[in-house]
Amino acid sequence: MLSAVLTREFHNHYLFSALGEAQCERLLSRAESRRFASGQHLFSHGDAATHFFLLRSGTVKLYRLSRDGHEKIMRLIRPPQTFAESILFMEVPRYPVHGEGLEPGELLAFDRESFLDILHNSFATCQAVMAQMTLRIQAHWDEIETLALQNSRYRVVHYLLGLLPSGAHGRATVTLPARKLVIAAHVAVTPETFSRTLRALCDEALVEVAGEEVTILDVGALRRHMQ
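Residues numbered from 1 in each chain as written. Predicted model: local features only at pLDDT ≥ 70, side-chain atom pairs only at ≥ 80, totals over all residues. Heavy atoms only, no water.

Participant: Would you explain the packing of aromatic side chains in this entry?
Facilitator: Two numbers describe a pair of aromatic rings. These are the distance of the centres and the angle of the planes. Enumeration according to the criterion identifies nine aromatic pairs in this entry. Centre to centre, the rings of Phe52 and Phe110 are 5.6 Å apart; their planes meet at 25 degrees, and the pair counts as stacked. Taken as a pair, Phe52 in strand β3 (residues 51-65) and Phe110 in strand β6 (residues 98-111) lie far apart in primary sequence, 58 residues in all. The exposure classification of Phe52 matches that of Phe110, with both residues buried. Grouping aromatic residues by their ring pairs yields a cluster made of Phe16, Phe52, Phe110 and Phe115. (Phe/Tyr/Trp six-rings, centres within 6.5 Å; stacked < 30°, edge-to-face > 60°. Helix = DSSP H or I, 4+ residues; strand = E, 2+ residues; numbered from the N terminus. Buried < 20%, exposed > 50% of the residue type's maximum accessible area, 1.4 Å probe, protein only.)

Structure, rendered in structure tokens:
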């Protein structure tokens, strides 16, 4: 069953796209399917790390805690994103954040050593995976720039556009993967500012909001709104 899942869902994923069939089967033979509940703790910042993960359903929150106990959300993971892959190349692998289920779901846990062994035995595969990871790092830098340098309206619009599938255009509807309170924290705005920004976008006929669903009336127009 897991092999069929990998063939159908994961061959286009940046971490696995360079792997051949035999390499995929080898990695998958040690993969674990795990279900989690809403609010379930997955791992803690500083825990010894033996696995990285691919989310199949649900939502996962990655966060850190300040010294005074305040939570800072680093990422909200949605299917079919991977997370914790940064442990692959750590000399002493430890999770750099806390992980918690926001909505119940299922993930696949991949054994770190098995993946490294594949890369060690194929330079071409290692080179392809590293190239893809470099692109991902650049994307994270762009996200950090957005959170640090842009105003709150830009950050909210950038987040909404980030929920769209690749190549989306025209009218498109996305489902918010978490409560608005959580998303506001993720994009570094207050809940009031997040709600106010959504209302302003509605007033300008750029989006429509119905509960957790946000319909972007014209993807191109919203993208131009960020320029």
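Past the structure itself, the notes keep going.
Participant: Would you take a moment to explain the environment of Gly39 for this structure?
Facilitator: Considering the arrangement of structural elements, one finds Gly39 in the loop between β1 (32-36) and β2 (41-43). The exposure class of Gly39 is partly exposed, given its relative accessible area of 48%. C-alpha separation for the pair Gly39 and Ala128, spaced 89 residues apart in sequence, amounts to 36 Å. Beyond its immediate sequence surroundings of up to four residues, Gly39 is in contact with Glu100 and Gly101. (Contact = heavy atoms within 4.5 Å.)

Participant: Before we go on, may I ask you to explain the environment of Leu102 in this structure?
Facilitator: Relative to the helices and strands, Leu102 is located in strand β6. Accessibility expressed as a relative area gives 18% for Leu102, which makes it buried. For Leu102 and Gly39, which are 63 residues apart along the polypeptide, the C-alpha to C-alpha distance reads 5.7 Å. Beyond its immediate sequence surroundings of up to four residues, Leu102 is in contact with Ser38, Thr59, Val60, Lys61, Leu76, Ala178 and Val182.

Participant: Where do I start with helix α3 (residues 112-120) in this structure?
Facilitator: Because the α-helix completes a turn every 3.6 residues, residues three or four places apart line up on one side. All of the buried residues along α3 are Arg112, Ser114, Phe115, Ile118 and Leu119. Between the side-chain oxygen at the start of α3 and the backbone nitrogen of Glu113 there is a gap of 3.4 Å, and the oxygen is on Asp111. (Polar contact = N/O pair within 3.5 Å; in protein donor to acceptor, adjacent residues only side chain to side chain.)

Participant: I tried to follow the side chain of Glu106 on my own but got confused; where do I start?
Facilitator: Considering the arrangement of structural elements, one finds Glu106 in strand β6. Within polar-contact distance, the side chain of Glu106 engages the side chain of Ser33 at 2.5 Å. Non-local contacts of Glu106, meaning those with residues more than four positions away in its chain, are made with Ser33, Arg34, Arg35, Phe36, Leu55, Arg56 and Ser57.

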